[in-house]
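Secondary and tertiary structure notes
Chain residues, written in single-letter form:
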Amino acid sequence: MGELGQFMPFILMFVVVYFFMIAPQMKRAKKEKKFAAELKKGDKIVTKSGLHGKVLELNEKDGSCVIETMSGKVKFERSAISMEMSQKLNAPAK
């Protein structure tokens, strides 16, 4: 019991860190991956750098997409598209 008792605080600390930090991060990453996979032509999006545009092309081979902005067409990685900001942009007005 003495050996296990010494490690109990470390075990509890790991469990707390897992449930409050690691698990939510994994859940968020899964949602973002699903969001990127479900993008389709015509979707209005915002990149993580704040660029607004509309999806024109999706390339499955390299995970990129071409978006149309007010100044022309730009090729971006799908991972550069912000799920949060894009959802806010497309949310119905209250």
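Residues numbered from 1 in each chain as written. Predicted model: local features only at pLDDT ≥ 70, side-chain atom pairs only at ≥ 80, totals over all residues. Heavy atoms only, no water.

Section: the environment of Lys88
As for its placement among the helices and strands, Lys88 is situated in helix 2 (residues 83-90). The sequence separation of Lys88 and Val66 amounts to 22 residues, and the corresponding C-alpha distance is 21 Å. (Helix = DSSP H or I, 4+ residues; strand = E, 2+ residues; numbered from the N terminus.)

Examining the sheet that holds strand 1 (residues 44-46)
Within the open sheet, the four strands sit side by side as 1-2-3-4. Their pairing is antiparallel. Edge strands, defined here as strands with exactly one partner in the open sheet, are strand 1 and strand 4 (72-77). Taken pair by pair, the neighbouring strands of this sheet meet at an average axis angle of 45 degrees, ignoring direction. In this sheet, strand 4 lies alongside strand 3 (residues 64-69) in antiparallel orientation, the contact comprising six bridges. (Pairing = 2+ DSSP bridges. Axes fitted to C-alpha atoms, helices over the stretch in contact; angles between N-to-C directions.)

Side note on the pattern of salt bridges
A full pass over the atoms with the stated rule returns six salt bridges. Residue Arg28 is joined to Glu32 by a salt bridge in which the shortest nitrogen-to-oxygen separation is 3.3 Å. Here Arg28 and its partner Glu32 are both found in helix 1 (residues 2-37), four residues apart, which amounts to about one turn of the helix. Judged by its relative accessible area of 34%, Arg28 falls in the partly exposed class. Accessibility expressed as a relative area gives 24% for Glu32, which makes it partly exposed. Taking the shortest distance from any N to any O, the salt bridge between Asp43 and Lys40 comes out at 3.4 Å. Linked by salt bridges that have partners in common, Arg28, Glu32 and Glu84 make up one network. (Salt bridge = Lys/Arg side-chain N within 4 Å of Asp/Glu carboxyl O. Buried < 20%, exposed > 50% of the residue type's maximum accessible area, 1.4 Å probe, protein only.)

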